[in-house]
Amino acid sequence: MNAIAPFLELSDLGPGTALVAAVVIGIAFGWALERAGLGSAPKLAGQFYLADLTVFKVMFSAIVTAMLGAYWLARFGVLDLAHVYVPDTYLLPQLAGGLLFGVGFVVAGLCPGTSCVAAATGRADGLLVMLGMFAGVLGTGIAFGSIAGFYESTSRGSMTLPQLLHVPYGVVVGAVVAMALIAFWWIRRFEPSFDAMHAADRARSSNATEPTNRTPSPPRFSAGEKVPKADEGALERTAREQIAASASSFGARPPSSGFATFSPRQKRGGRRRSIGVRRRKLLAWPALLLGALAAFAGSPFRANHATVDVERLAAAVAHEEDHVTAIELAEWIRGRKPALRVVDLRTAAEFETYHVPRSERIALESLASTPFRSTDTIVLISGGGTHASQAWVLLQALGHRQVFFLRGGLQEWIDDVMNPTILASAPPRAMAEFKRVGEISRYFGGVPRIVDKLEPRPADTNESVDRSESSTSDAAAAIRRRGC
Amino acid sequence: MSEFRPARPYADPYLAGIGLGLVLLAAFVIMGRGLGASGAFASSASGLAAAAAPARAAANPFFARYLGGDGPWREWLLFEIAGVIIGGFLSALAAGRFRLAVERGPRIGRGARLGYAFAGGAVMGIGAVLARGCTSGLALTGGALLSVGSWLFMIAAFAGGYLFAPLVKKAWR
């Protein structure tokens with residue numbers, strides 16, 4: 001069965017359709033966020049004081065739902081996962097950006113998406129978060145020159161957890177479902193005690209501030225209405241009840257105790273509609289089942305059994321349309337050729353020692369499950385070139401057309417780009433070409449040399465495409481020492 | 001006037017989460033991409049920068065990214081965010097939750113809350129640029145697609161929030 005989705009990639013729908021779809025999907029997105037209560041800043045901020053775990057619950061049930069849906073639709077061939085855009089990984093920028101983002105989140109009480117919902121539902125604080133966000137992005141953009149180096153650092157391409165852990169995709173899906181359900185179960189058990197803790201906190205602080213009559217109350221609105229004084233005795237009673245209830249929940253769970261029975265929010269007047277523990281279990285079981293099955297159901301990526309048009313491949317090889325030279329690749333990288341993916345097939349250790357700038361490491365085994373876009377230009381690199389040319393056939397079989405391997409492997413890159421050498425007695429035309437190559441070489445930190453006598457390179461013969469691995473590694477290590 | 005109470009209670013968070021997950025799945029199936037929010041801010045900021053100083057914006061690699069193609073004002077995420085605003089408004093209206101107000105913790109003034117909102121938004125803006133996304137585009141979307149960077153961002157964002165929370169406790173508790 002041919003995949004029919006993503007609709008916009010696999011059929012001829014115009015850009016206008018995409019924008020209409022954007023508005024419709026956005027409306028559903030905004031509706032879902034508002035229904036969950038995520039347009040209310042105190043509710044979101046409550047996540048960071050363990051007072052309201054709505055953010056966590058909504059976020060992880062959404063992730064589990066979409067992940068399982070995408071996996072199974074792909075597994076049954078409806079959705080082609082290779083055409084779904086996976087956010088790129090940049091380790092350090094995302095670590096630092098994430099920390100900053102979290103700080104901003106707890107100060108603002110809203111994240112970018114939910115600030116739009118808050119503003120749309122009349123909350124002025126939501127509007128201010130939107131304005132702040134805009135100012136932050138604009139300011140960072142203006143000062144981008146000073147962070148550009150960091151911004152581009154530690155790139156790992158569109159790396160996924162299955163690729164990182166070298167574990168089948170379905171197993172990771174199953175593990176994420178299991179972790180989410182354990183977290184939900186844990187929340188159900190301990191959330192009442194968090195609530196009791198906060199109620200006790202409130203009761204205590206209301207006693208302390210009694211003379212001023214400023215009773216801390218649950219998050220309030222200030223559209224002019226006065227906050228009524230809470231019945232402090234009642235508050236304390238509720239707190240005591242809750243502490244007692246949660247104490248028992250730490251030990252043996254009382255009979256027929258549902259999460260709903262414990263929910264202090266229900267006691268306080270039903271601010272949130274809970275569907276009760278039985279119905280929640282009805283939701284958890286299918287997730288558990290689909291997750292467990294995914295662990296055994298194999299790769300969601302299509303076409304592990306592909307057919308090859310032998311004549312077309314033979315023609316591509318004969319016309320030398322199957323490879324690029326090191327200089328050509330260097331020009332592509334320097335010219336920032338759009339949608340270029342430089343894939344290094346060597347081992348992690350070899351990759352760490354030295355790799356071509358802007359290249360990403362993908363093991364040969366996980367090449368078939370790597371999502372490439374149809375617009376990507378893929379260049380394959382291996383030590384000597386053999387693995388790369390074999391991978392070229394595999395990717396061609398999977399239907400990728402813009403695939404090339406680096407002729408001569410990394411060794412040719414080292415020889416021609418990093419250490420270009422020419423005889424002083426070379427003819428002027430060769431010298432002019434060498435000048436051009438030298439400029440590219442220096443861009444990559446190479447050292448072009450004009451010598452009187454050429455030293456023989458290791459295994460510099462035409463028939464041995466696969467040069468000895470050790471000589472490539474040594475050469476790569478030498479470049480590493482040079483300080484690239 | 002009594003303390004404001006939502007006219008209708010919020011949905012069960014797990015059900016709402018499943019609803020949100022189905023919206024995200026629909027985005028994968030229809031568009032081949034997930035949801036987002038900070039990209040809309042980046043795109044409109046680029047549009048503004050290009051209107052104010054075209055040459056400098058084009059020379060800036062961050063703004064230039066959004067200025068190619070159909071231009072910053074035809075960006076998909078901008079239309080999606082317009083939808084979010086419409087959807088949020090309609091949902092609040094239907095549930096009787098639309099209200100002109102400043103939402104804040106019990107111990108903070110209205111002006112201070114608005115200051116916090118702007119400052120927090122600005123810090124999030126810096127973080128979102130560095131990380132190339134936010135809770136929607138990076139955490140939610142990439143989380144469901146098992147992107148390494150997305151899970152790293154998610155863990156870092158929660159860590160940042162929990163570490164900083166005690167310092168701004170007065171704003172919320």
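Residues numbered from 1 in each chain as written. Chains lettered and ligands numbered in written order. Predicted model: local features only at pLDDT ≥ 70, side-chain atom pairs only at ≥ 80, totals over all residues.

Asks: Could you give an account of the overall build of chain B, naming the residues involved and the relevant values?
Replies: Per the secondary structure count, chain B includes nine helices and one strand. The secondary structure elements of chain B, listed N-terminal to C-terminal, are α-α-α-α-α-β-α-α-α-α. With 173 residues in all, chain B has 65% of them scored as buried. In chain B, once contacts between residues fewer than 6 apart in sequence are set aside, the share between residues at least 24 apart is 57%. (Helix = DSSP H or I, 4+ residues; strand = E, 2+ residues; numbered from the N terminus. Buried ≥ 20, exposed ≤ 12 C-beta atoms within 10 Å, placed from the backbone. Contact = placed C-beta atoms within 7 Å.)

Asks: Got a sec to walk through the overall build of chain A? Specific residues and values, please.
Replies: Within chain A, the regular secondary structure consists of 21 helices and 10 strands. Every one of the 484 residues in chain A was classed for burial, and the buried ones make up 43%. Residue pairs at least 24 apart in sequence account for 69% of intrachain contacts in chain A once pairs closer than 6 positions are excluded.

Asks: Can you break down the sheet that holds strand β8 (residues 403-406) of chain A residue by residue, with the values?
Replies: All names here are of chain A. On the basis of which strands lie adjacent, the open sheet formed by five strands has the order β4-β8-β7-β5-β6 and parallel pairing. Pairing within the sheet leaves two strands with one partner each, and these edge strands are β4 (323-324) and β6 (359-361). By the bridge criterion, three bridges tie strand β7 (residues 377-381) to β8 in an arrangement that is parallel. Across the sheet, the residue bridging to Val379 is Phe404, located in β8. (Pairing = 2+ DSSP bridges.)

Asks: Please provide a residue-by-residue account of the packing of helix α2 (residues 15-36) of chain A against helix α6 (residues 112-120) of chain A, values included.
Replies: Residue and element names in this part refer to chain A. Direction vectors running N to C along α2 and α6 enclose 80 degrees, while the axes themselves pass 10 Å from each other. As the angle between them shows, α2 and α6 are arranged roughly perpendicular. On the side of α2, the interface is formed by Gly30, Leu33 and Glu34, while α6 contributes Gly113, Thr114, Val117 and Ala120. In terms of residue class, the contact of α2 with α6 is made up of three nonpolar, three polar and one charged. (Axes fitted to C-alpha atoms, helices over the stretch in contact; angles between N-to-C directions. Parallel < 35°, antiparallel > 145°, perpendicular 65-115°, else oblique. Nonpolar A, V, L, I, M, F, W, Y, C, P; charged D, E, K, R; others polar.)

Asks: Run through the nonpolar core, naming residues and quoting values.
Replies: Within the largest apolar cluster, 165 residues are counted, with the highest numbers of intra-cluster contacts made by Met67(A), Ala70(A), Leu380(A), Ile381(A) and Leu24(B). With 13 residues, helix α4 (residues 54-75) of chain A is the single largest residue contributor to this core. (Core = buried A, V, L, I, M, F, W, Y, C linked by C-beta atoms within 7 Å.)

Asks: Which residues make up the packing of helix α7 (residues 124-142) of chain A against helix α2 (residues 38-52) of chain B, and what values go with them?
Replies: At a closest axis distance of 9 Å, the pairing of α7(A) and α2(B) adopts a crossing angle of 60 degrees. As summarised for this structure, α7(A) and α2(B) are arranged oblique, according to the angle between their axes. The hand of the α7(A)/α2(B) crossing is right-handed. Facing Met133(A), Phe134(A), Val137(A), Leu138(A) and Gly141(A) of α7(A), the residues of α2(B) in contact are Phe41(B), Ala42(B), Ala45(B), Ser46(B), Leu48(B) and Ala49(B). Residue composition of the contact of α7(A) with α2(B), by class: nine nonpolar, two polar and no charged. (Left-handed = near helix turned anticlockwise from the far one by under 90°.)

Asks: Help me get a handle on the interface of chain B and chain A, residues and values and all.
Replies: On the chain A side, the residues contacting the 122 residues of chain B number 128 residues. When residues of the side of chain B that touches chain A are traced back to their parent elements, those giving at least two are α1 (13-31), α2, α4 (61-67), α5 (76-94), β1 (103-104), α6 (110-131), α7 (135-144) and α8 (148-164) of chain B. When its residues are assigned to classes, the side of chain B that touches chain A shows 79 nonpolar, 29 polar and 14 charged.

Asks: Could you give an account of unusual backbone geometry, with specific residues and numbers?
Replies: Residue and element names in this part refer to chain A. Not every positive phi belongs to a glycine, and Glu320 is a case in point at roughly 55 degrees. Here Glu320 shows up in the loop between α15 (310-318) and β4. Glu320 gets classed as exposed once you count the C-beta atoms within 10 Å, which come to 9. Unusually for a residue other than glycine, Ala339 sits at a positive phi of about 55 degrees. For Ala339, the position within the fold is in the loop between α16 (326-334) and β5 (340-344).

Asks: Outline the confidence of the model for chain B, listing residues and values.
Replies: Here chain B shows a mean pLDDT of 92. Residues at 70 or above account for 96%. Reported confidence for the predicted complex is 0.95 by ipTM and 0.69 by pTM. (pLDDT = per-residue confidence, 0-100.)

Asks: Give a detailed account of the confidence of the model for chain A, specifying residues and quantitative values.
Replies: Residues and elements named next belong to chain A. Summing up the model confidence of chain A, the mean pLDDT is 80 and the portion of residues at 70 or higher is 76%. Predicted confidence is poor over residues 208-218, with pLDDT under 50, and the contacts of this stretch with residues over four places away or in other chains come to 13 contacts. Residue range residues 223-270 is modelled with pLDDT below 50. Its contacts to residues more than four positions away, or to other chains, number 65 contacts.

Asks: Please provide a residue-by-residue account of the pairing of β7(A), values included.
Replies: Residues and elements named next belong to chain A. The buried count for β7 comes to four of five residues, which makes it a mostly enclosed element. Pairing of β5 with β7, which is carried by five bridges, proceeds in the parallel orientation. Residue pairing for β7: Leu340 is matched across the bridge by Thr377. With helix α18 (residues 386-397) bridging β7 and its parallel neighbour β8, the resulting β-α-β unit is right-handed. (Right-handed = clockwise from strand over helix to strand, strands pointing away.)

Asks: I'd like a description of the pairing of β8(A), backed by residues and values.
Replies: All names here are of chain A. Where burial is concerned, the two faces of β8 agree: the one with Val403 and Phe405 and the one with Phe404 and Leu406 are both buried. Relative to β8, β4 runs parallel, the two being bridged by two bridges. Directly across from Val324, in β8, lies its bridge partner Leu406.

Asks: Summarise the environment of Leu131(A); cite the residues concerned and give the values.
Replies: Assignment of secondary structure puts Leu131(A) in helix α7. Linking Leu131(A) and Ser115(A), residues 16 residues apart in sequence, is a C-alpha distance of 9.7 Å. In this structure Leu131(A) touches Phe118(B) and Gly121(B), once residues within four positions along its chain are discounted.

Asks: Give a detailed account of the environment of Ala135(A), specifying residues and quantitative values.
Replies: By secondary structure assignment, the location of Ala135(A) is in helix α7. Excluding anything up to four places from it in sequence, Ala135(A) contacts Ala122(B) and Gly125(B).

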